[in-house]
Amino acid sequence: MSHASQISLTFPDGARRDYTAGVTAAEVAASIAPGLAKRAISATVNGAHYDLQWPITADASIAIHTMADDTQALELIRHDLAHIMARAVQEIWPEVKVTIGPVRDQGWFYDFDRAEPFTPEDLGAIEARMKQIINARDPVRTEVWDRARALAYYEERGEPFKIELINRIPEGEDLRMYWHGAWQDLCRGPHLQHTGQVPADAFKLTHVAGAYWLGDATRPMLQRIYGLAFKNREDLKAHLTMLEEAAKRDHRKLGREMDLFHLQDEAPGMVFWHPNGWQIWRTLEDYMRGRLRTAGYKEIRTPQVVDRILWEKSGHWEAYRENMFIVEVDEEGAKEKRINALKPMNCPCHVQVFNQGLKSYRDLPLRLAEFGSCHRYESSGSMHGLMRVRGFTQDDAHIFCTEDQIGSECESFIRLLASVYKHLGFDGFEIKFSTRPDVRIGSDETWDKVEGMLEAAVKAAGVPYEVDPGEGAFYGPKLDFKLTDAIGRKWQCGTFQVDPNLPTRLGAEYVAEDGAKHRPYMLHRAILGSFERFIGILIENYAGKLPFWLAPRQVVVASIVSDADPFVHEIVGALRKAGVRAEADVRNEKINYKVREHSLGKVPVLLAIGMKEVEDRSVSVRRLGDARTETMSFDAALAEFGFAALPPSD
RNA sequence: GCUGCAGUAGCUCAGUGGUAGAGCGCGUCCUUGGUAAGGACGAGGUCGGGAGUUCAAUCCUCCCCUGCAGCACCA
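Conventions we followed
- Residues numbered from 1 in each chain as written.
- Chains lettered and ligands numbered in written order.
- Predicted model: local features only at pLDDT ≥ 70, side-chain atom pairs only at ≥ 80, totals over all residues.
- Heavy atoms only, no water.
- Disulfide = S-S within 2.5 Å.
- Buried < 20%, exposed > 50% of the residue type's maximum accessible area, 1.4 Å probe, protein only.
- Pairing = 2+ DSSP bridges.
- Helix = DSSP H or I, 4+ residues; strand = E, 2+ residues; numbered from the N terminus.
- Axes fitted to C-alpha atoms, helices over the stretch in contact; angles between N-to-C directions.
- Contact = heavy atoms within 4.5 Å.
- Salt bridge = Lys/Arg side-chain N within 4 Å of Asp/Glu carboxyl O.
- Near = heavy atom within 4 Å.
- Polar contact = N/O pair within 3.5 Å; in protein donor to acceptor, adjacent residues only side chain to side chain.
- Nonpolar A, V, L, I, M, F, W, Y, C, P; charged D, E, K, R; others polar.
- Core = buried A, V, L, I, M, F, W, Y, C linked by side-chain atoms within 4.5 Å.
- Phe/Tyr/Trp six-rings, centres within 6.5 Å; stacked < 30°, edge-to-face > 60°.
- Lys NZ or Arg CZ within 6 Å of the ring centre and 35° of its normal.
- Patch = residues over 30% accessible without salt bridge, like charges linked within 9 Å, V, L, I, M, F, W, Y side chains within 5 Å.
- Areas by Shrake-Rupley, 256 points an atom, 1.4 Å probe, with all protein chains shown as cover.
- Lys, Arg positive; Asp, Glu negative; His and termini not counted.
- Charge placed at Lys NZ, Arg CZ, Asp CG, Glu CD.
- Parallel < 35°, antiparallel > 145°, perpendicular 65-115°, else oblique.
- Left-handed = near helix turned anticlockwise from the far one by under 90°.
- Expected span 1.5 Å × (residues − 1).

1. A short note on the state of the cysteines
- All chains considered together, the criterion is met by zero disulfides.
- Distance from the sulfur of C401, which forms no disulfide, to the nearest cysteine sulfur (C410) is 10 Å.
- Here C401 falls in the buried class, since its relative accessible area comes to 0%.
- C493 takes part in no disulfide bond, and the closest cysteine sulfur to it belongs to C374, at a distance of 16 Å.
- On the accessibility criterion, C493 (5% relative accessible area) is buried.

Spelled out as structure tokens, the structure:
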């Protein structure tokens, strides 16, 4: 076909070299240095990641990767492992149908269609077979096939999922077929040169779980096998250790150990708070109440059970009924049952408060806050400890304002949120700015205006944000705030949404300077999101070791000998008077036992009191996580812990 | 909601077609011990709920509930 024309490749250091068109990255690497040729694994050409064998036909920028490039190396290793696993599965069970197997965080998965479930023993067998395939150092080859050939091939093999995939690939696009030894799979690549390049001791099949074909709940349920893979054994071990650490932080486990809360069958998704857990809640609520008061919010309280008439007006009955707890009541003398619903959100009730009496523009912005208890019928499979529940309380507020107040309200909200997160131990958070979705209400003009205001406000707050196009609510754009916890997980907690819709539906209006009635904007906003979930996040973030001011039991004063008991009680009394949550431990146990028990109970400070302390009116201080002890005077202890018990302030 | 797995003492878990065990915890007693488990004795279970098979079910079968891992959902 084409005669040998020259192309020019630009390297990361800016150097250019000329090659014959159709040159492969492997050949390019060889032309630079034999050592590089040997170590090369793939190449990035014009920003896209390719195999070494892929021909380069035009001028391009190129970077040759070796195993030293973590991002590319891990992608290739994990991607090849997906194929190797699928091959191993089909070698063991030829009747199993293959589907897709992408790379994901820390590893990969592959979805299979098989009548019998995979067992843990099966995973072991698959893993063993995978190691054989790796050790065989089978070459990885690729070919471009035309559609008809690929369809015929999979038709013959009886692979309906692959056929569907091919039919979903746009006409005219190349179909690439990859061989790992004699086994082949439709794949866009890239891959390593041979299976032996995959480290045989740095992967592990972890578990199997159901997953819908193409993520669609109406399609067949497949079996997804998950694997973890790294460049070497040490990295794998480190990751497994990290997973163990994360499991130790599980708030469900810590919640039991620290006696914070429980859940039981009779009330799925509803939390029974124990004294220790409820103490955390109240500390957090009091703190938030203080922050909201200074920020100019008014706290209100609205009903739990509200007639369906209001939900019909607000649109919830139509759009959200599936998720609502319905309460039917036989009213005296009534022909029909009265239908109520437990409120799933607070906004309609807040509009009712706004609507009482005539509001003037002088009342705006009106910030109505409620620690609003809501109930949502979440699907059974989605509940998870405190993180996803059916009964929860939001730190909710709705700001009724004019259009030109949106910007400044947003800005001060972001400042408040950042300060609260910082106080609660989360330094980092990210902002997602979600813009107009395809399906929406309101004019493009309004959207332009409101989006512009929101964006300007985020910019003014001086915090980085990402635009998430089309992800806004149907009624308006929003900001979502995701904080990062101590082990790098992200949690979406805060939100700020502009809503010109609900005030219209529920008839909110105010009298403006012109004497006419106008529609206010309504801003939905939350900082913590839900108390339940946020407390779960706090527990996991701190691995149960809450900072002093949040800890349910802050100080335990433990006697070493019972002759010290009167002084112990005196200390506890004085600490409580100073605002410290203190408890006495005068049980007939040795001090070793008490130290162990309260350390496991995550009490920040233990004061041990023996006769020495009684004699010079001092305390022996032992702080959580520190085996050293320190002696200080009774008065010094009172001053220190009384101060430490105060909530943080700027 | 879907797929798979699970539910035995307060907790963690073992176990068996003939109505059950350990450790921790709990109670009582002894012990007053100086910074991560002192000792002895004791109490405690309708083996998640219902139905079926069986002479007999905690164990086998079916249904339900709840939980766990994912998937889907999260206006």
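2. Quick look at the sheet that holds strand β32 (residues 555–559)
- Reading across the sheet, the five strands line up as β33-β32-β34-β35-β36 and stay open at both edges, with mixed pairing between neighbours. Bordering the open sheet on either side are β33 (582–585) and β36 (629–633), each of which pairs with just one other strand. Neighbour to neighbour, the strand axes of the sheet diverge by 30° on average, direction disregarded.
- Inspection of the sheet shows strand β35 (residues 618–623) paired to β36 by five bridges, in the antiparallel sense. By the bridge assignment for β36, V621 is matched with E630.
- Of the strands in this sheet, β32, β34 (605–609), β35 and β36 are in contact with helix α20 (residues 634–644), which crosses β36 at around 105°.

3. As for the pattern of salt bridges
- Applying the stated criterion across every chain yields a total of 43 salt bridges.
- E91 serves as the salt-bridge partner of R87, at 2.6 Å between the closest nitrogen and oxygen. Here E91 and R87 lie together in helix α3 (residues 70–92), a separation of four residues that amounts to about one turn.
- According to the relative accessible area criterion, E91 is partly exposed, its value standing at 33%.
- With a closest N to O distance of 2.8 Å, R308 and E312 form a salt bridge. In this pair, R308 and E312 are both assigned in helix α10 (residues 308–314), four residues apart and thus about one turn of the helix distant.

4. Quick look at the protein's contact with RNA strand B
- RNA strand B sits among 47 residues. The nearest are M345, I560, N588, S620 and R622.
- If you look at RNA strand B and keep only atoms within 4 Å of the protein, 47% of those are sugar or phosphate atoms.
- Between R256 and RNA strand B, the recorded distance is 3.1 Å, taken from a side-chain N or O atom to a phosphate oxygen.
- A distance of 3.0 Å is found between a base oxygen of RNA strand B and a backbone nitrogen or oxygen belonging to K612.
- Mapped onto the surface near RNA strand B, the elements with two or more residues apiece are β14 (203–212), β15 (221–229), α8 (251–257), α18 (591–600), α19 (611–616) and β35.
- Here the surface near RNA strand B is built from residues that sort into 20 nonpolar, 16 polar and 11 charged.

5. What about the nonpolar core?
- Core analysis: the biggest nonpolar cluster contains 62 residues, and Y421, L424, L479, F481 and F534 have the highest contact counts within it.
- Looking at which element gives the most residues to this core, the answer is helix α13 (residues 406–423), with eight residues.

6. A word on the packing of aromatic side chains
- Across all of its chains, the model carries 28 aromatic pairs by this definition.
- With a centroid separation of 5.6 Å and 75° between ring planes, the pair formed by F371 and F531 is classed as edge-to-face. Taken together, the positions of F371 in strand β23 (residues 366–375) and F531 in helix α16 (residues 531–541) put the pair 160 residues apart, joining distant regions of the chain.
- By relative accessible area, F531 is classed as buried at 0%.
- Through pairs of rings, three or more aromatic residues link up here, namely F413, Y421, F426, F429, F481, F496 and F534.
- Taking the ring centre of W145 as reference, the NZ or CZ of R149 above it sits at 3.8 Å.
- Its guanidinium or amino end placed over the ring of F354, K359 lies 5.5 Å from that ring's centre, counting from NZ or CZ.

7. Let's talk about the pairing of strand β4 (residues 40–45)
- Extensive coverage of β4 is indicated by the burial of six of its six residues.
- Relative to strand β7 (residues 60–66), β4 is paired through five bridges, and the arrangement is antiparallel. Looking at the pairing, T44 lines up with A63 of β7.
- Linking two consecutive strands that pair antiparallel, namely β4 and strand β5 (residues 48–50), is a turn of two residues; a positive phi of about 50° is found at N46 within it.

8. Things to note about the side chain of T435
- Here T435 is to be found in the loop between β25 (429–434) and α14 (444–461).
- For T435, the side chain forms a polar contact with the main-chain nitrogen of G470, separated by 3.1 Å.
- Aside from chain neighbours lying at most four places away, what touches T435 is W447, E451, V467, D468, P469, G470, E471 and G472.

9. Description of a positive patch on the surface
- A surface patch of like charges, here positive, comprises K131, K204, R233 and K237.
- With respect to the helices and strands, R233 occurs in helix α7 (residues 233–248).
- Its relative accessible area of 43% is what places R233 among the partly exposed residues.

10. Examining the packing of helix α9 (residues 275–294) against α13
- Between α9 and α13, whose axes approach to 12 Å, the crossing angle comes to 155°. Regarding the angle of α9 to α13, the classification is roughly antiparallel. As α9 runs across α13, the sense of the crossing is right-handed. Of the residues in α13, those in contact with Y287, M288, R291 and L292 of α9 are L416, S419, V420 and H423.

11. Quick notes on helix α17 (residues 565–577)
- The terminal C-alpha atoms of α17 lie 18 Å apart, and with 13 residues this matches the ideal 18 Å at 1.5 Å per residue to within 8%.
- With its phi angle positive at about 90°, G579 sits one or two positions after the end of α17.

12. Let's talk about the pairing of β25
- Relative to strand β27 (residues 478–484), β25 is paired through six bridges, and the arrangement is antiparallel. Looking across to β27, one finds that S434 is bridged to K478.
- Two strands pair when backbone bridges link them, and β25 and strand β26 (residues 465–468) are joined in this way by four bridges, in the parallel orientation. Across the sheet, the residue bridging to S434 is D468, located in β26.

13. Observations regarding the sheet that holds β25
- On the basis of which strands lie adjacent, the open sheet formed by eight strands has the order β18-β23-β24-β31-β28-β27-β25-β26 and mixed pairing. The strands lining the two open edges of the sheet, one partner per strand, are β18 (298–299) and β26.
- Bridge analysis of strand β28 (residues 490–499) against strand β31 (residues 521–530) gives five bridges, and the strand direction is antiparallel. Across the sheet, V498 pairs through a bridge with L523, a residue of β31.

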